[in-house]
Amino acid sequence: MNKLIGQYPDATGHFGPYGGRFVGETLVSALLDVEAAWSSAKADPAFMADFRAMLRDYAGRPTPLDLAERLSDTLGGARLWLKREDCTHTGAHKINNVVGQGLLARRMGKRRVIAETGAGQHGVATATIAARFGFDCKVFMGAEDVRRQAPNVRRMELLGAQVIPVTSGTATLKDAMNEALRYWSGTSADTFYVIGTVSGPHPYPEMVRDFQRVIGDEARAQMLEKTGKLPDLLVACVGGGSNAMGLFYPFLDDPCEMLGAEAAGDGLDTPRHAASIIGGSPGELHGALTYLLQSDEGQIHEAWSISAGLDYPGVGPEHALLHDLKRVRYEGVTDREALDAFQALCRHEGIIPALESAHALAAAMREAKKRQKDQNILVNLSGRGDKDLDHVLAWLKEHPGQNSEVRSQESE
Ligand SMILES: *Cc1c(COP(=O)(O)O)cnc(C)c1O
């Protein structure tokens, strides 16, 4: 197998045919500035030391690697190991990326940051580090999402950020990202754009992956320490794909299988899903070529998932390449399967996972049942589920008696 680590992206920001920098003139110069700043920062031991120190003292790293023993026992197959990103400050892996980009903005002398947000989670993460660094912060959010996600709007405002409702298009995440890119093209002299996942134009997919790879670097060392070997399978959920890239990247040249769980919503045979890779096709979105949900005419489709963080109509371009290379297998997980896994983790381990993470867990549980007890599966528990409780309880009320995972285990 050819080595993958360090191969992609190439000098023009491409991951094989994917990625790139499909933006107007004014944005190209802003992106070249970010690229130059990032390549000097990552080669500067003082910058990387600041990054590691802030991950430790502010974000709470390293996060634990935790054997889910009771859950594994009930499944009767492979052992499930949880990388506990839910234990970080703010409760999800997004903090790793915003700490990195915040330090880079400061290094570039920018005093203002902007971000796009869908459900508000990346907006809250950006508002968090803006407060920490004393930056002015504007968050672009679809007007429809502002209405649906009122608590996160209040959180961002509490942290000192200004939320700007975007009314163009369908007034959701893709429109917010378009608007943030447009705003940035006029303000990049003093403003840094904090992108929330491994998508968008070069150098963001690479840079965000490099900030998130701390997840996989830690987990690799922890697995070796605890089990004496590498895991047989890695599993992560894929929205834009940052927690998955962060986990997978350091293992790409190892003989480990990898599985990315996409949100299949009501099912891949319905229009209500967010599976950009297995249910989409290549096209251009937010300055990069990648897999997207689109019509035959190239009209972007609205993504749907019970989990707000997976609800993005595209995916990072590196995942598009890893899919084509068959290095990572991508599978769909429906809302119902995710809810079953959510409840199983609550009941058997005393951990309430984020709904996004419950998708990874559902895919991992499916695999565990098919495998022997001497196999180890490493699951990225990307975040905690406190934010999802109202949603989960409402879903369970509407779908009574359908927590089949917990039911079948309790009758054993
Ligand atoms: C935002 C989010 C995701 C999805 O984003 P990726 O870039 O695909 O990682 C997954 N899990 C949690 C907890 C999130 O907040």
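In case you missed it, the structure is sitting above this.
Residues numbered from 1 in each chain as written. Predicted model: local features only at pLDDT ≥ 70, side-chain atom pairs only at ≥ 80, totals over all residues. Heavy atoms only, no water.

So, the overall build of the protein chain: which residues are in play, and what are the values?
Counting its regular elements, the protein chain contains 16 helices and 14 strands. Against the globule reference of 22 Å for 412 residues, the protein chain gives a C-alpha radius of gyration of 20 Å, in line with a compact fold. Over its C-alpha atoms, taken along the principal directions, the protein chain stretches across nearly 65 × 45 × 40 Å. Taking all 412 residues of the protein chain together, 59% fall into the buried category. Of the roughly 15,900 Å² of accessible surface on the protein chain, a fraction of 50% belongs to carbon and sulfur atoms. Distance from the positive charge centre (44 side chains) to the negative charge centre (54 side chains) of the protein chain: 4 Å. (Helix = DSSP H or I, 4+ residues; strand = E, 2+ residues; numbered from the N terminus. Rg over C-alpha atoms; globule rule 2.2 N^0.38 Å. Buried < 20%, exposed > 50% of the residue type's maximum accessible area, 1.4 Å probe, protein only. Areas by Shrake-Rupley, 256 points an atom, 1.4 Å probe, with all protein chains shown as cover. Lys, Arg positive; Asp, Glu negative; His and termini not counted. Charge placed at Lys NZ, Arg CZ, Asp CG, Glu CD.)

Quick rundown of the packing of helix H1 (residues 25–42) against helix H9 (residues 204–212)? Include the residues and the values.
The description of two packed helices rests on the angle between their axes and on the distance between the axes. Where H1 meets H9, the axes come as close as 11 Å, and the angle between the chain directions of the two elements is 30°. Judged on the interaxial angle alone, H9 and H1 are roughly parallel. Of the two possible hands of crossing, H1 and H9 adopt the one that is left-handed. Contacts between H1 and H9 pair Leu31, Val34, Trp38 and Lys42 from the former with Tyr204, Glu206, Met207, Asp210 and Phe211 from the latter. Classifying every residue of the contact of H1 with H9 by side-chain character gives six nonpolar, no polar and three charged. (Axes fitted to C-alpha atoms, helices over the stretch in contact; angles between N-to-C directions. Parallel < 35°, antiparallel > 145°, perpendicular 65-115°, else oblique. Left-handed = near helix turned anticlockwise from the far one by under 90°. Contact = heavy atoms within 4.5 Å. Nonpolar A, V, L, I, M, F, W, Y, C, P; charged D, E, K, R; others polar.)

Describe the site of the ligand, with residues and values.
Among the 17 residues in the neighbourhood of the ligand, the closest are listed as Lys94, Gln121, Thr197, Gly241 and Ser242. Between the ligand and His93, the relevant distance is 3.0 Å, taken from an oxygen atom to a side-chain nitrogen or oxygen of the residue. Between the ligand and the protein, one listed contact pairs a nitrogen atom with a side-chain N or O atom of Ser382 at 2.7 Å. The protein chains hide 97% of the 380 Å² of surface that the ligand would expose on its own. Elements that contribute at least two residues to the shell around the ligand include exactly strand E9 (233–238) and helix H11 (242–248). Of the residues belonging to the shell around the ligand, the class tally is four nonpolar, 11 polar and two charged. There are two domains that each give the shell around the ligand at least three residues, and those are domain 1 (26–57 + 94–208) and domain 2 (65–91 + 213–411). (Near = heavy atom within 4 Å. Polar contact = N/O pair within 3.5 Å; in protein donor to acceptor, adjacent residues only side chain to side chain. Domains from an automatic or database assignment.)

Explain the nonpolar core to me, and be specific about the residues and the numbers.
Val99, Leu104, Trp184, Phe192, Tyr193, Tyr204 and Leu378 are the most contacted members of the largest nonpolar core, which totals 86 residues. Here this core takes seven residues from H1, the largest share from any one element. Here this core spans two domains, since at least three of its residues come from each of domain 1 (26–57 + 94–208) and domain 2 (65–91 + 213–411). Formed by 39 residues, the second largest nonpolar core is a distinct cluster that contains Leu75, Leu293, Leu310 and Ala338. (Core = buried A, V, L, I, M, F, W, Y, C linked by side-chain atoms within 4.5 Å.)

Give a detailed account of a nonpolar patch on the surface, specifying residues and quantitative values.
Together, Ile352, Leu389 and Leu393 give the surface a local cluster of nonpolar side chains, amounting to about 250 Å² of exposed area. With respect to the helices and strands, Leu393 occurs in helix H15 (residues 389–398). Taking the relative accessible area as the measure of exposure, Leu393 reaches 55% and is therefore exposed. (Patch = residues over 30% accessible without salt bridge, like charges linked within 9 Å, V, L, I, M, F, W, Y side chains within 5 Å. Salt bridge = Lys/Arg side-chain N within 4 Å of Asp/Glu carboxyl O.)

Any chance you could break down the pattern of salt bridges for me, citing the residues and the numbers?
In the structure shown here, the tally under the stated rule is 32 salt bridges. Here Asp175 and Lys174 are joined by a salt bridge, their closest N and O atoms 3.2 Å apart. Where Glu337 meets Arg366, a salt bridge forms, and the shortest distance between an N and an O atom there is 2.9 Å. Residue Glu337 is found in helix H13 (residues 335–349), and its partner Arg366 is found in helix H14 (residues 355–370); the two are separated by 29 residues along the sequence. Classification of Arg366 by relative accessible area gives partly exposed; the value is 25%. Linked through salt bridges whose partners overlap, the residues forming this network are Glu257, Arg329, Glu331, Glu337, Arg366, Glu367, Lys370 and Arg371.

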